[in-house]
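In case you want the letters, here they are:
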Amino acid sequence: MGKPVEIVVSHVEGKLEDTITAGTTGQELFETVCGKLGMEHITLFSFAYKDAKGYDAFVKLDKKILKQDVNKKEIPLNLNFRAKFFPEAVNDELIGDVVQRLFWKQIKEGIVDGSIYCPAELCVLFAAQSMQAQYADFNEAEHDSGVLKVYEELPKRVIEQHSLSFEQWQDRIRNAWKQQSGVTKEQSIMDYLNIAQDLEQYGITYFEITNKKGTRLYLGVHNLGMDIYELNNKVTPRLGFPWAEIRNISFNDKKFIIKMVAKDAPDFRFYSPRFKLNKRILALCVGNHQFFVSRRRAQVCASVSPLAVCVAPFRKQVQRVPIACVAANVHPCVRVLVCASLIACRENMCCDYVHS
């Protein structure tokens, strides 16, 4: 099995140290970490890492970890256990107190560090709910000013945009915290998430791309589709492509093509410079689309023909990867995309390879 490799798995509440071998799969480590954290095996989570060139990626759970693009020169190997996919309805998909708490802390981290935009008045409410989740009801005798750390609860942007003193921010949050009286810690977490899931930047993974004119843009991939953003504005998209309106996504070397269901809709093309990164973009699209479909199986009333995603590597070989067909259990209105997947559903697996 080879020499064991030391790893450190970071998460929002701390770190876990372990070892893996050349034969350890992502799924095996996933089950180990879930067991140590006492959480349900929720497939929304995975292991993030930076490859040798500094690009972000996620471990493929069905593959051996050390056969992937992890930085093998890094000792110990650092992985970050976090949500890769995001629920549309947190109440339905986040099962168990540990899962809810870890997911909440990840979302809170994004709001406080500014990567998830949140208006100031909502930030104060979130801060109050956070205090309730951590300390329960406000108690004047127990919760002095040292308990409420403003910079750990509010984004720096919000603090700097308003001419309030540190004490004034504390007063605002404290007053809002008092209004949370009687709400359990667990309910405070879910109340927070039920609001946060409607924020503009909730659950979006961004990739820098260019259009055919060479203009730099961002592609945002999320649970409801794909959006295109200007480089200086990651909040308001210029274009949106819901999964239910996309027929096919393909890439050939550096060029992506999005084909829409509507026959009169023009194709949208964009460019991304790195082949391995492009495979990750496609994999994230596939995974989000699979969740999109599975969430709508309650609406099932007819079958939809599967569609394929074509991937052409550098050698110009056009390859139709194994697809997880959108099986016979999908409502006609979900006449969507691609289901190209190496993580495929076992139902209606189709394989087709085309060489040019």
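Student: Just checking my understanding: could you explain the packing of aromatic side chains for this structure?
Tutor: Any aromatic ring pair is given by two values, namely how distant the centres are and how the planes are angled relative to each other. Counting across every chain of the model gives 18 aromatic pairs. Between Phe86 and Tyr202 the ring centres are 5.7 Å apart and the planes differ by 75°, which places this aromatic pair in the edge-to-face class. With Phe86 in the loop between β5 (77-83) and α2 (90-93) and Tyr202 in the loop between α8 (185-196) and β6 (205-210), the pair connects residues that are 116 residues apart, well separated along the chain. For Tyr202, a relative accessible area of 7% gives the class buried. Centre to centre, the rings of Tyr135 and Trp177 are 6.3 Å apart; their planes meet at 45°, and the pair counts as tilted. A residue pair is termed long-range when its members are at least 10 positions apart, and Tyr135 in helix α4 (residues 120-135) and Trp177 in helix α7 (residues 166-178) qualify at 42 residues. Its guanidinium or amino end placed over the ring of Tyr218, Lys234 lies 4.6 Å from that ring's centre, counting from NZ or CZ.

Student: Sorry if this is basic, but what is going on with the pattern of salt bridges here?
Tutor: Should their charged atoms come close, side chains of opposite charge can pair. With the rule as written, the count across this model stands at 16 salt bridges. Note that Asp56 is salt-bridged to Lys50, the shortest N-O span being 2.6 Å. For Asp56, a relative accessible area of 52% gives the class exposed. Across the salt bridge formed by Lys108 and Glu153, the nearest N and O atoms sit 3.1 Å from each other. Placement of Lys108 in helix α3 (residues 97-112) and of Glu153 in helix α5 (residues 150-153) is noted, with a sequence separation of 45 residues between them. The pair formed by Lys108 and Glu153 is uniform in burial state, with each residue classed as buried.

Rules used in this analysis
Residues numbered from 1 in each chain as written. Predicted model: local features only at pLDDT ≥ 70, side-chain atom pairs only at ≥ 80, totals over all residues. Heavy atoms only, no water. Phe/Tyr/Trp six-rings, centres within 6.5 Å; stacked < 30°, edge-to-face > 60°. Helix = DSSP H or I, 4+ residues; strand = E, 2+ residues; numbered from the N terminus. Buried < 20%, exposed > 50% of the residue type's maximum accessible area, 1.4 Å probe, protein only. Lys NZ or Arg CZ within 6 Å of the ring centre and 35° of its normal. Salt bridge = Lys/Arg side-chain N within 4 Å of Asp/Glu carboxyl O.

This is a description of form; function is not addressed.
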